[in-house]
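Structural overview for review
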Amino acid sequence: MEPGGKFNPRLFLFGPKLASRSDPRGINTYLVVCALFSFVLLTHASPAKSCDKSCNSGKCINGSCVCERGWVGDHCQHCQGRFKLSEPSGYLTDGPFNYKFKTKCTWLIEAYPNAVLRLRFNHFATECSWDHMYVYDGDSVYAPLVAVFSGLIVPETRGNETVPEVETTSGYALLHFFSDAAYNLTGFNIFYSINSCPNNCSGHGKCTPGNSAASRVYCECDKYWKGEACDIPYCRDNCGSPDHGYCDLTGEKLCVCNDSWQGESRGGKRLCCMLE
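Residues numbered from 1 in each chain as written. Predicted model: local features only at pLDDT ≥ 70, side-chain atom pairs only at ≥ 80, totals over all residues. Heavy atoms only, no water.

Spatial strand order, E5-E7-E13-E9-E10: 5 strands in an open sheet with mixed pairing. Across the chains shown, the open sheet's two edge strands, defined by having one partner strand only, are strand E5 (82-85) and strand E10 (145-149). This sheet shows a mean twist of 15° between the axes of neighbouring strands, independent of strand direction. Bridge analysis of strand E9 (residues 132-136) against E10 gives 4 bridges, and the strand direction is antiparallel. Bridge pairing in E10 links Tyr134 to Val148. (Pairing = 2+ DSSP bridges. Helix = DSSP H or I, 4+ residues; strand = E, 2+ residues; numbered from the N terminus. Axes fitted to C-alpha atoms, helices over the stretch in contact; angles between N-to-C directions.)

Once that is clear, we can look at the side chain of Asp131. Among the secondary structure elements, Asp131 is positioned in the loop between strand E8 (117-125) and E9. The buried charged residue Asp131 lacks any salt bridge partner; its closest oppositely charged side chain belongs to Lys102, at an N-O distance of 12 Å. Side chain to side chain, Asp131 and Tyr99 meet in a polar contact 2.5 Å long. Sequence-distant contacts of Asp131, defined by excluding residues within four places in its chain, comprise Tyr99, Thr126, Phe149, Ser150, Phe177, Phe178, Ser179, Asp180 and Tyr183. (Buried < 20%, exposed > 50% of the residue type's maximum accessible area, 1.4 Å probe, protein only. Lys, Arg positive; Asp, Glu negative; His and termini not counted. Salt bridge = Lys/Arg side-chain N within 4 Å of Asp/Glu carboxyl O. Polar contact = N/O pair within 3.5 Å; in protein donor to acceptor, adjacent residues only side chain to side chain. Contact = heavy atoms within 4.5 Å.)

Trp107, Ile109, Leu119, Met133, Phe149 and Leu175 are the most contacted members of the largest nonpolar core, which has 31 residues in total. Among the secondary structure elements, those contributing two or more residues to this core are E5, strand E7 (104-110), E8, E9, E10, strand E13 (172-178) and strand E14 (187-194). When near neighbours in sequence (up to four residues on either side) are disregarded, Trp107 contacts Cys79, Phe83, Leu85, Leu92, Thr93, Met133, Ala173, Leu174, Leu175, Phe177 and Phe188. (Core = buried A, V, L, I, M, F, W, Y, C linked by side-chain atoms within 4.5 Å.)

Put into structure tokens, the structure is as follows:
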């Protein structure tokens, strides 16, 4: 309270020392506190706006999606740029919806020199002969081209192995996708893994590491299976066991048929599927 009964708010906020106009430090402190006070009021009075839809590969800031690097669209739903992947395994995709027109997306998967990288196409649907995915065994488009995909690839199921694994051996894999301006489809979802066994040993073996950290892993197959991916049976259909015969694993590993049964499969292996 000033002489004469007048109220001085500066005395209330900052004390009698800062009330003087001749003290620059008091004035600066006053301005800073006023600015902070105004900011708090505005923050509580104007809460951040939410986005009307999910920001797939981005963050919602004040009602709008701010996309991560390599993603575009109102909801960050389309790839459009370059990506670098170095985790032991992961996925790459064009986005959750149909890819956009005139898309250009590139992924570089980086491991270590001479490591094996495997690519599994869980889903792939593009405009046939116009929208393509190129796979290079290296870190640039000047590396060897190992595969080109366009059109529809049927997902692999037991008994329908139409989608082979793509393998690179340089320690790198470069994937480049582009689309034209005419038509678009659902795109792709590709799983990659570094230094893993082919087809996860097809469920008929165990993936075993080599003797050193840099060596490649390999499949140890179950007793009835062989091949790099343990996907070739020694005895097809287990020789019709037990009624038609049995699989003899002690010698040439082939079918021994019961009386009145015979038959051959590819490679001369006996099937025991026909009556004599």
